[in-house]
Amino acid sequence: MNIIGPKAYIHLNRLRQNLFNIRKHIGNRHLLCVVKADGYGHGAKAIADAIASEPCISFAVFAFEEAVILRKAGIRNEILIFSRIQKHWLEPASRLNLVVSASSMDDLKILQDVHELTGRCPRFHIKFDTGMTRLGFDLAESDSVFGLLNEKKSLPIEGIYSHFASSEDGDLSYAHNQLNAFKQVVKEGQNADLSFQYIHCSNSGAVLNLSDAYFNLVRVGILLYGVAPSHEAPMNVNVDPVMSFCGPIVNIRRVQAGTKVSYGGVYTTKKDTNIAVVQTGFADGFPRPWYEQGFVSYKGVEFKIAGRPCMDQFMVDFGDVAPEEGDEVLIFGKRNLDKIPVERIAREIGTTAYALLTGIHGRTEHITLS
Ligand SMILES: Cc1ncc(COP(=O)(O)O)c(C=O)c1O
């Protein structure tokens, strides 16, 4: 039975093509595909499954539990966890062959304790904070970090990384400072006789803007999903949106000029018109502020959103066009004749495409298309 409600169509052919185009752009490097937050709202299992067998692909998640879901789904690739380490999941992380991030001396201590106690611990990457002021060792701690790792040569360190705060901006001066700091700390580590199988600093912004930051592994999230990390970054890689977010029309009625629509009565029809009710609301991820300028696309034509979106539904002013009940409108993405970039909505309502994509939830049914 066809369930009526919001649909996120996931175009896996576009995902594979995006991957191909990104790889062509960055050259022959390992790709760490970021599938945290349920694959940026696209469905982590479906995304990972579609590209797992491509060469030189690993995955990154934020939480341990996200990695477990991928393993249970049969994903065998390397999986890196970004979050702080928690002692209670280190043993299962070892068992599941997961790779963890060490971003503080406490993290190293936990790894060391578990290693001494059990004879093993998960492989790990050390993360330095070069200017994001989020997780990561302070640069000033580098001597202690490298000293300890040198002393405990049996600890399975595998990589070193950092994260940019503004690699997607037009002004790259801060990103260049971060990159220089990262290069310096990598050099210090190598001078301290440590070797790192993986060195990485890039995210999507850096893929587009900072080829000097590629090293031998590139982390990529939003670009893989076919979305620009910001409107300032040059879109020098061809990508197509992987998600098309759509909602079904469940009612259509003719109303007279001067009719108020939805909560607060902030929308009044200017002439006699067809008002459609679409069964998708902000509880499903519809961007609620997207109504003052907002529109949907239907058969290649844009129609204005009428009034404030509700929790489960919103209304559209179709004028004299009369769609059928059951027809779908495109909210964002690209499907058939319809195209609305999620980046445009994000910009107009003062948020980011990251927030809009990861906000797709509630009753939204994900449908993968190959
Ligand atoms: C540590 C880290 N690396 C890489 C990414 C991927 O970033 P993007 O989606 O901009 O490629 C993220 C996402 O927030 C992140 O937190």
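What you see is a predicted model; the values in this text were computed from it and never measured. (Residues numbered from 1 in each chain as written. Predicted model: local features only at pLDDT ≥ 70, side-chain atom pairs only at ≥ 80, totals over all residues. Heavy atoms only, no water.)

Draft legend 1. View of the overall build of the chain. Looking only at helices and strands, one finds 11 helices and 19 strands in the chain. By principal-axis analysis of the C-alpha atoms, the chain measures approximately 80 × 45 × 35 Å. Taken across its 370 residues, the chain has 55% of its residues classed as buried. For the chain, the computed accessible surface area is about 16300 Å², with 49% contributed by carbon and sulfur atoms. For the chain, the distance from the average site of its 39 positive side-chain charges to the average site of its 40 negative ones is 3 Å. (Helix = DSSP H or I, 4+ residues; strand = E, 2+ residues; numbered from the N terminus. Buried < 20%, exposed > 50% of the residue type's maximum accessible area, 1.4 Å probe, protein only. Areas by Shrake-Rupley, 256 points an atom, 1.4 Å probe, with all protein chains shown as cover. Lys, Arg positive; Asp, Glu negative; His and termini not counted. Charge placed at Lys NZ, Arg CZ, Asp CG, Glu CD.)

Draft legend 2. Examining the site of the ligand more closely. Around the ligand sit 14 residues in total, of which K36, Y40, S204, R219 and Y354 are the nearest. Measuring from an oxygen atom of the ligand, one finds a backbone N or O atom of G221 at 2.8 Å. One nitrogen or oxygen atom from the side chain of Y354 is found 2.6 Å from an oxygen atom belonging to the ligand. When isolated, the ligand has an accessible area of 400 Å², and the protein chains bury 92% of it. (Near = heavy atom within 4 Å. Polar contact = N/O pair within 3.5 Å; in protein donor to acceptor, adjacent residues only side chain to side chain.)

Draft legend 3. Geometry of the packing of aromatic side chains. Here the structure, examined in full by the defined rule, presents 14 aromatic pairs. When the ring of F82 is compared with that of Y161, the centres are 6.1 Å apart and the planes differ by 40 degrees; the resulting orientation is tilted. Here F82 is found in the loop between β4 (79-81) and α5 (90-95), whereas its partner Y161 is found in strand β7 (residues 157-161), with 79 residues between them in sequence. Aromatic pair F182 and F215: ring centres 5.3 Å apart, planes at 85 degrees, arrangement edge-to-face. (Phe/Tyr/Trp six-rings, centres within 6.5 Å; stacked < 30°, edge-to-face > 60°.)

Draft legend 4. Representation of the packing of helix α6 (residues 105-118) against helix α7 (residues 142-151) in the model. Running from amino to carboxyl end, α6 crosses α7 at an angle of 10 degrees, the nearest separation of the two axes being 11 Å. As summarised for this structure, α6 and α7 are arranged roughly parallel, according to the angle between their axes. Two secondary-structure elements touch here, α6 through M105, L108 and Q112 and α7 through S144, V145, L148 and L149. (Axes fitted to C-alpha atoms, helices over the stretch in contact; angles between N-to-C directions. Parallel < 35°, antiparallel > 145°, perpendicular 65-115°, else oblique. Contact = heavy atoms within 4.5 Å.)

Draft legend 5. The pattern of salt bridges, seen in detail. Per the stated rule, a full pass over the model turns up 15 salt bridges. A salt bridge links K152 to E116, with the nearest nitrogen and oxygen atoms 3.7 Å apart. One end of the pair, K152, is in the loop between α7 and β7; the other, E116, is in helix α6, with 36 residues separating them in the sequence. Ionic contacts of the salt-bridge type, sharing partners, join the residues E78, R123 and E158 into one network. (Salt bridge = Lys/Arg side-chain N within 4 Å of Asp/Glu carboxyl O.)

Draft legend 6. Layout of the pairing of β7. Burial runs high along β7: four of the five residues are buried. With four bridges connecting them, strand β6 (residues 124-127) and β7 associate as parallel partners. Across the sheet, residue K127 finds its bridge partner in β7, namely Y161. In the classification by handedness, the crossover that spans β6, the intervening α7 and the parallel β7 is right-handed. When β7 meets strand β8 (residues 198-200), the two strands line up parallel, connected through three bridges. Looking at β8, one finds that Y161 is bridged to H200. (Pairing = 2+ DSSP bridges. Right-handed = clockwise from strand over helix to strand, strands pointing away.)

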